[in-house]
Amino acid sequence: AMAAPGQNVAVVVHRAGDLRLENRPIPEPGPNEVLLRMHSVGICGSDVHYWQHGRIGDFVVKDPMVLGHEASGTVIKVGSGVTHLKPGDRVAIEPGVPREMDEFCKAGRYNLSPTIFFCATPPDDGNLCRYYKHSASYCYKLPDNVTFEEGALIEPLSVGIHACKRAGVTLGSTVFVSGSGPIGLVNVIVAKMMGAAVVVVTDLSASRLQKAKEVGADFTIQVKNETPQEVASKVKSVLGCMPEITVECTGVQACIQAGIYATRSGGTVVLVGLGPEMVTVPIVNAAVREVDVRGIFRYCNTWPVAIALLASKRINVKPLVTHRFPLEKALEAFETTKRGEGVKVMLKCDPTDQSP
């Protein structure tokens, strides 16, 4: 269904396999909210997963839900209580907004707040639409030299910042990144920026590994059907030592196993990718070698850091965007992402401005 330009076109998942373009009313911002004209929204693996399966773990699509959580846009209206933003400001949107000041928020780990609002996680609507309202405190002004697409890429980039911080990446670290999708790639970028001396990346896909090289990986290993122990020993032989830090971005059982075997004693494995709820891992191997296994859940306090890095040109995320589609061609864009083509597919929501 085609929608007129003045209307609020949105990409909505109804249930598994049912994705539609729909018209939604243009929302009215509350006192502490801003109304945004959306510009660039990236498609995430989770968006595709909700469309294909109708759920991720305990998060089930029960009612129609707008997708999208990697986004940037322009403020067009501000609520009465908003002082730090004005119409015309270009902003990046942090999709997770705590609903109450609980113990997690007080401790600065608001991402763990159980009642948090999060774009495109049932039942909360995302921002893959023309007009969207959001908490003003979680909209961050973009400097003039940071593009809308870079603003939208702050969301996946934040996963890398949060993961590398949790992993303790520092000057001279040796790092093994398992998986070379968008999240593996942002971890490569961030690990190098944080001072990692060497980063090795594994993946099944040669083209994705080529992308890893482009964004700064020192070594790549294409895995075929090696055992986890064989993958670990390949990592060791390429690096000349076992890595101190492994960032696992696939969620695949065999890859988690390889990550534990590969990590040097006293090192850290961070699990970023999530697969099935139950996985069999060599936990005793990790335990007796004092290998710390840490999880991450999204991110917190990363937008200001990311904006500073992008504005200062310390990092370059532009090579991550490989495809662009207008909002009207969202279904085609989702098919492209599902087929695993390219790296990051970007939807352009403003018909009057399709620039990066």
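Calculation rules
Residues numbered from 1 in each chain as written. Predicted model: local features only at pLDDT ≥ 70, side-chain atom pairs only at ≥ 80, totals over all residues. Heavy atoms only, no water. Salt bridge = Lys/Arg side-chain N within 4 Å of Asp/Glu carboxyl O. Helix = DSSP H or I, 4+ residues; strand = E, 2+ residues; numbered from the N terminus. Buried < 20%, exposed > 50% of the residue type's maximum accessible area, 1.4 Å probe, protein only. Domains from an automatic or database assignment. Polar contact = N/O pair within 3.5 Å; in protein donor to acceptor, adjacent residues only side chain to side chain. Nonpolar A, V, L, I, M, F, W, Y, C, P; charged D, E, K, R; others polar. UniProt positions renumbered as here; feature names shortened; annotations may be inferred. Core = buried A, V, L, I, M, F, W, Y, C linked by side-chain atoms within 4.5 Å. Contact = heavy atoms within 4.5 Å. Pairing = 2+ DSSP bridges.

Asks: Can you help me understand the pattern of salt bridges in this one?
Replies: Where charged atoms from two side chains of opposite charge come close, those side chains can pair. As enumerated under the stated definition, the model contains 21 salt bridges in all. Measuring nitrogen to oxygen at the nearest pair gives 2.8 Å for the salt bridge that ties E28 to K77. Of the two residues, E28 is situated in the loop between strand 2 (18-24) and strand 3 (33-42) and K77 in strand 7 (residues 70-78); the sequence distance between them amounts to 49 residues. For E28, a relative accessible area of 52% gives the class exposed. Note that E70 is salt-bridged to K344, the shortest N-O span being 3.0 Å. A residue pair is termed long-range when its members are at least 10 positions apart, and E70 in strand 7 and K344 in strand 20 (residues 344-348) qualify at 274 residues.

Asks: I would appreciate a short explanation of the domain arrangement of the protein chain in the present structure.
Replies: Where interface size is given, it is often the accessible area lost as the parts come together that is meant. The assigned domain composition of the protein chain is domain 1 (8-145 + 313-348) and domain 2 (161-295). Taking the mean C-alpha position of each, domain 1 and domain 2 sit 28 Å from one another. Joining domain 1 to domain 2, the criterion identifies two residue pairs in polar contact (both at pLDDT 80 or more). A breakdown of the residues in the side of domain 1 that touches domain 2 according to their chemical character gives five nonpolar, five polar and three charged.

Asks: I'm lost on the UniProt feature "domain: Enoyl reductase (ER)" (unreviewed entry) in the protein chain in this one. Help?
Replies: The feature "domain: Enoyl reductase (ER)" (unreviewed entry), as given by UniProt, occupies residues 17-347 in the numbering adopted here. For residues 17-347, the end-to-end C-alpha separation is 20 Å, with 30% helix and 26% strand making up the annotated structure.

Asks: Please clarify how the nonpolar core should be interpreted in this entry.
Replies: A general trend in soluble globular proteins is that nonpolar side chains are found buried together. In terms of nonpolar packing, the biggest core is built from 54 residues, with V175 and L320 touching the most fellow members. Every element with two or more residues in this core is listed here: helix 3 (148-167), strand 13 (174-178), helix 4 (182-193), strand 14 (198-203), helix 5 (206-214), strand 16 (245-248) and helix 9 (303-311). Take this core: its biggest share by element is nine residues, from helix 3. Setting aside its immediate chain neighbours within four residues, V175 contacts V169, A191, A196, V198, V199, V200, P243, I245 and V247.

Asks: Would you take a moment to explain the pairing of strand 20 for this structure?
Replies: Regular strands place their side chains on alternate faces of the sheet. The buried fraction of strand 20 is high, at five of five residues. Of the two faces of strand 20, both are covered, the one formed by K344, M346 and K348 as well as the one formed by V345 and L347. As defined by bridge partners, strand 3 adjoins strand 20 across three bridges and the pair is classed as antiparallel. In the strand pairing of strand 20, G42 is matched with M346.

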